[in-house]
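Each chain, written out:
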Amino acid sequence: MRILFVSDKESPYYWDYYSPEKFKDIDLIISCGDLAPQYLSFLVTLSHVPVLYVHGNHDECYVSSPPEGCLCIDDDLVVYKGIRIMGLGGSMKYRPGYFQYSEKQMRKRYRKLRRKIFFNRGVDIVVTHSPAKGINDGTDLPHQGFTVFKEIMEKHKPKYFVHGHVHQSYSHRFKRFDTFKDTVIVNSCERCIIDYEQ
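Caption draft 1: Structural detail: the sheet that holds strand E13 (residues 190–195). The mixed open sheet is built from five strands, whose spatial order is E4-E3-E2-E1-E13. The open sheet has two edge strands, strand E4 (71–72) and E13, and neither has a second partner. Alignment of strand E1 (residues 2–7) against E13, held across six bridges, turns out to be antiparallel. Of the residues in E13, the one forming a bridge with Ile3 is Ile194.

What follows is the structure, given as structure tokens:
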């Protein structure tokens, strides 16, 4: 299955220079947050494949105007064509507003999902907005990752942990791909395609 991951920046490749051929081999689109809801609606309409998403810390407009035709998987675990996908969006809390959490709050969100993980016998892809603590995250509070994400990878061994939030322009040390234990870590900033093999 070919999955297109997007986040943080509306890609001119799709947005400004649309062509149906660019989506012909895409089976699923997943947003890791901080994208205009109109962009996700555009993707789901013109790609003719499902679009799943979690919230980024700048997605407050989703509260009143969520992307049409897309499925929010924040605080949920969904199964799509046999692939178990869990969503935990948002960033570290650094100001008043939506979709920001303390480490304790993020850990509580994960605990609420453990029953679904158990009944589905695990998780294949973890979709977040923020990175895991100490793995290509930032040193400033807004861009620090969550420790609980590392614990999720250690315990459940998903094939992929996909996040956004850390932009390519932030550092020359930007990493699109990395690994932690048995998990491939992907920074989805703008766009990234993964061929998922079951």
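Caption draft 2: Structural detail: the nonpolar core. Core analysis: the biggest nonpolar cluster contains 22 residues, and Met86, Leu88 and Phe149 have the highest contact counts within it. Among the secondary structure elements, those contributing two or more residues to this core are strand E6 (83–88), helix H3 (103–119) and helix H4 (147–156). Not counting residues within four places of it along the chain, the set of residues in contact with Met86 comprises Ile73, Asp76, Leu77, Leu113, Ile117, Val123, Ile125, Val126, Val127 and Ile152. The next biggest cluster of nonpolar side chains, apart from the first, holds 20 residues, and it includes Phe5, Tyr80, Cys192 and Tyr196.

Caption draft 3: Highlighting H4. For H4, the complete set of buried residues consists of Val148, Phe149, Ile152, Met153 and His156. Projection of H4 onto a plane perpendicular to its axis shows the buried side chains occupying an angular sector of 150 degrees, all on one side. Residues of H4 that are buried sit in contact with E6, H3, strand E9 (125–128), strand E10 (160–163), strand E11 (177–180) and strand E12 (183–187).

Criteria and cut-off values
Residues numbered from 1 in each chain as written. Predicted model: local features only at pLDDT ≥ 70, side-chain atom pairs only at ≥ 80, totals over all residues. Heavy atoms only, no water. Pairing = 2+ DSSP bridges. Helix = DSSP H or I, 4+ residues; strand = E, 2+ residues; numbered from the N terminus. Core = buried A, V, L, I, M, F, W, Y, C linked by side-chain atoms within 4.5 Å. Buried < 20%, exposed > 50% of the residue type's maximum accessible area, 1.4 Å probe, protein only. Contact = heavy atoms within 4.5 Å. Arc of directions from axis to C-beta.

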